[in-house]
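# Descriptive analysis of the structure
If you want the building blocks of each chain, they are given just below.
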Amino acid sequence: MRKKERSFQGIESLIASGVEVKGDIVSQGSVRIDGYVEGNLNIKGDLILGEKGKLKGEAKAQNIMIAGRLEGKANAGTRLEIAATGAIIGDINAAILIIDEGGLLDGNSRMARAKDHNSDNERIHSLKKDQFSKAK
């Protein structure tokens, strides 16, 4: 069986490995986290939590990819994906939920249909597998 290609918008902001942020983050674009964030995220674009990334708080974004560790709630407007290295300790809400073999969800999940699923899929771009590894 062929695996569906992962896809998200281009990253506009990066919190690199070794960076710690305490406080809420609001962004109109897409964000990638490879460091540590303690606070709530309200992202209009996509959120990628890299393998070394850790988030303690609530995350809201259009599409969410977890390859690191999230302790708190996650609310994806369309798609939430937990990679094989990813873990979510908390509740999630998404229209589409994908958990790769090895991925962990310790909490409740709620799924609802996306209002305009087709137009949202058209705006999503390819996400290469190496985006989960350490940012350079």
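The structure we're discussing is the one just above.
### Brief notes about the sheet that holds strand β5 (residues 36-38)
If you trace the six strands from one edge of the open sheet to the other, you get β2-β5-β8-β10-β12-β15, paired in parallel fashion. Two strands in the sheet have a free side with no partner beyond their single neighbour: β2 (20-22) and β15 (104-106). Along the sheet, successive strands turn relative to each other by an average axial angle of 5 degrees, direction set aside. Sheet topology note: the strand β10 (residues 69-71)/strand β12 (residues 87-89) ladder contains three bridges and is parallel. Bridge assignment links leucine 70 to a residue of β12, and that residue is isoleucine 88.

### Notes on the nonpolar core
Counting 22 residues, the largest nonpolar core has Ile33, Leu41, Leu47, Ile64 and Leu80 as the members making the most contacts within it. Among the elements of the structure, β4 (31-33), β6 (41-43), β7 (46-49), β9 (59-66), β11 (74-82) and β13 (92-94) are those that each provide at least two residues to this core.

### With respect to the pairing of β7
Of the two faces of β7, the one holding Asp46 and Ile48 and the one holding Leu47 and Leu49 are both buried throughout. In the sheet, β4 pairs with β7 via three bridges, with the strands oriented parallel. If you follow isoleucine 33 over to β7, its bridge partner there is leucine 49. Bridge count for β7 against β9 is four bridges, and the pairing is parallel. Bridged to isoleucine 48 within β9 is methionine 65.

### Some words on the pattern of salt bridges
The tally for this structure, following the rule as stated, stands at four salt bridges. Salt-bridge contacts for glutamate 71 lead to arginine 69; the nearest nitrogen and oxygen are separated by 2.9 Å.

### Observations regarding the environment of lysine 54
By the secondary structure assignment, lysine 54 is in strand β8 (residues 54-56). When its relative accessible area of 46% is taken as the criterion, lysine 54 is described as partly exposed. If near-sequence neighbours (up to four positions away) are discounted, lysine 54 is found in contact with Ile33, Gly35, Tyr36, Val37, Leu49 and Arg69.

### Points about the side chain of serine 27
With respect to the helices, strands and loops of the structure, serine 27 is situated in strand β3 (residues 25-27). If we skip the residues at most four places from it in the chain, serine 27 touches Asn42, Ile43 and Lys44.

### Things to note about the environment of aspartate 34
Relative to the helices and strands, aspartate 34 resides in the loop between β4 and β5. Classification of aspartate 34 by relative accessible area gives buried; the value is 3%. For the pair aspartate 34 and glutamate 51, spaced 17 residues apart in sequence, the C-alpha to C-alpha distance is 7.0 Å.

### A word on the environment of lysine 52
Mapped onto the elements of the fold, lysine 52 is located in the loop between β7 and β8. Residues lysine 52 and glycine 18 lie 34 residues apart in sequence; the distance between their C-alpha atoms is 9.4 Å.

Reading the values: rules and limits
- Residues numbered from 1 in each chain as written.
- Predicted model: local features only at pLDDT ≥ 70, side-chain atom pairs only at ≥ 80, totals over all residues.
- Heavy atoms only, no water.
- Pairing = 2+ DSSP bridges.
- Helix = DSSP H or I, 4+ residues; strand = E, 2+ residues; numbered from the N terminus.
- Axes fitted to C-alpha atoms, helices over the stretch in contact; angles between N-to-C directions.
- Core = buried A, V, L, I, M, F, W, Y, C linked by side-chain atoms within 4.5 Å.
- Buried < 20%, exposed > 50% of the residue type's maximum accessible area, 1.4 Å probe, protein only.
- Salt bridge = Lys/Arg side-chain N within 4 Å of Asp/Glu carboxyl O.
- Contact = heavy atoms within 4.5 Å.

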